[in-house]
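Chain residues, written in single-letter form:
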Amino acid sequence: MTTLPKPSSQDLRYYPVCLDIRNRTCLVVGGGEVGTRKARGLLAAGGRVAVVSPELSSELQALVPEHIEWRRRRYRPEDLDGVFMVFGATDDEALNQRISGDAAMRNLLCNIADRPGICNFILPSVVRRGDLLIAVSTSGKSPAFAKKLRQDLERQFGEGYALFLRLMGIIRERLLGGGHEPEAHKPLFEALIAGGLSEAICSGDREGADRLLRQVLGPEFQLEHLLEAL
């Protein structure tokens, strides 16, 4: 019987992190289908997006100049000046290599679409439910499996989790406003989660959610009043 090798921490290539790119300049080189997806994701996260490309997709053209800056020409190294991160989204292999090299000399975050070997970061497959962000990565080994996992997670974590987390945020603010020490919140939140608050919210069981809130936090925490604060 063949024994499979055990995974080792030394095999890990990537360090997982969530970046705050709000109001940071992000460059996309390439205005086609891939560049459009990159630009769309950056805009959704609040980034300031510049696109370098002789041509743009119709979707990106509709965003110029209010939402994106269009540099209507081929890429130049000086396009990286003042940039936080850059995405290469072209089918020109030589150009992709040049973008990666230029970014490395400036110590910039750089992603080249479908070329993990010349990136210093890769993009995971993502499930978003409001403030809930679930990222799945196979470190580039199997994008198809990452896609399947994302689809499984999308079915498991529905849109109700966005409302659940907004409620938890309001509860946290009110507890802090009442002078509670942050450490005192931990058992309260654990009791809400263990008691099934997320399940009640996601299934629309308002009576069950309200009952649990009053049981754990007291009569002043009523679901109706919390929802009014959203």
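Residues numbered from 1 in each chain as written. Predicted model: local features only at pLDDT ≥ 70, side-chain atom pairs only at ≥ 80, totals over all residues. Heavy atoms only, no water.

A. Representation of the packing of aromatic side chains. Considering all chains together, one arrives at 3 aromatic pairs under this definition. A centroid spacing of 5.7 Å and a plane angle of 85 degrees characterise the contact between Phe87 and Phe121, whose relative ring orientation is edge-to-face. One end of the pair, Phe87, is in strand β4 (residues 85-88); the other, Phe121, is in the loop between β5 (109-112) and β6 (125-129), with 34 residues separating them in the sequence. Summarising the burial analysis for this pair, Phe87 and Phe121 share the class buried. Between Tyr161 and Phe164 the ring centres are 6.5 Å apart and the planes differ by 85 degrees, which places this aromatic pair in the edge-to-face class. Note that Tyr161 and Phe164 are positioned in helix α5 (residues 160-177) at a spacing of 3 residues, about one turn of the helix. With relative accessibility at 8%, the residue Phe164 sits in the buried group. (Phe/Tyr/Trp six-rings, centres within 6.5 Å; stacked < 30°, edge-to-face > 60°. Helix = DSSP H or I, 4+ residues; strand = E, 2+ residues; numbered from the N terminus. Buried < 20%, exposed > 50% of the residue type's maximum accessible area, 1.4 Å probe, protein only.)

B. Quick look at the pairing of β6. Along β6, the buried face is formed by Ser125, Val127 and Arg129; none of Val126 and Arg128, which line the opposite face, is buried. The pairing of β6 with strand β7 (residues 132-136) spans 5 bridges and is classified as antiparallel. Residue pairing for β7: Arg129 is matched across the bridge by Leu132. What sits between the antiparallel neighbours β6 and β7 is a turn of 2 residues, in which Gly130 has the positive phi angle 65 degrees. (Pairing = 2+ DSSP bridges.)

C. Structural context of the side chain of Ser198. Along the chain, Ser198 turns up in helix α7 (residues 197-203). Residue class for Ser198 comes out buried when judged on its relative accessible area of 8%. In this view, Ser198 contacts Tyr161 and Phe164; residues no more than four positions away in its chain are not counted. (Contact = heavy atoms within 4.5 Å.)

D. Spatial organisation of the nonpolar core. Counting residues in each nonpolar core, the largest one holds 27 residues, and the members touching the most others are Ile171, Leu192, Leu197, Ile201, Leu213, Leu217 and Leu226. Taken together, the elements giving at least two residues each to this core come down to β7, α4 (143-156), α5, α6 (182-194), α7, α8 (206-217) and α9 (223-228). A per-element tally of this core places α5 first, with 7 residues. Residues Ala50, Tyr75, Leu108 and Ile118 belong to the second largest nonpolar core, which totals 16 residues. (Core = buried A, V, L, I, M, F, W, Y, C linked by side-chain atoms within 4.5 Å.)

E. Focus on α6. Between its terminal C-alpha atoms α6 stretches 19 Å, which fits the 18 Å expected from 13 residues at 1.5 Å a residue. Restricting attention to buried positions, one finds in α6 the residues His185, Phe189 and Leu192. Viewed end-on, α6 has its buried residues packed into an arc of 55 degrees, placing them on one side of the element. Opposite the buried face of α6, by more than 90 degrees, sit the exposed residues Glu183, Lys186 and Ala194. Considering only its buried residues, α6 is in contact with α5, α7 and α8. Phi turns positive, to about 95 degrees, at Gly196, one or two residues after α6. (Expected span 1.5 Å × (residues − 1). Arc of directions from axis to C-beta.)

F. View of the pattern of salt bridges. Counted according to the given criterion, the structure contains 14 salt bridges. In this structure, Arg150 engages Glu154 in a salt bridge whose closest nitrogen and oxygen atoms are separated by 3.0 Å. Of this pair, Arg150 and Glu154 both sit in helix α4, 4 residues apart, which is roughly one turn of that helix. Bridged by salt links that share partners, the residues Glu69, Arg71, Arg73 and Asp79 form one connected network. (Salt bridge = Lys/Arg side-chain N within 4 Å of Asp/Glu carboxyl O.)

G. Region of the structure containing the sheet that holds strand β2 (residues 48-52). Here 5 strands make up an open sheet; going across it, the order is β3-β2-β1-β4-β5 and the pairing parallel. Of all the strands in the sheet, just β3 (68-71) and β5 have a single pairing partner and so form its edges. Along the sheet, successive strands turn relative to each other by an average axial angle of 20 degrees, direction set aside. In this structure, strand β1 (residues 25-29) lies alongside β2, joined through 5 bridges in parallel fashion. Directly across from Val29, in β2, lies its bridge partner Val52. (Axes fitted to C-alpha atoms, helices over the stretch in contact; angles between N-to-C directions.)

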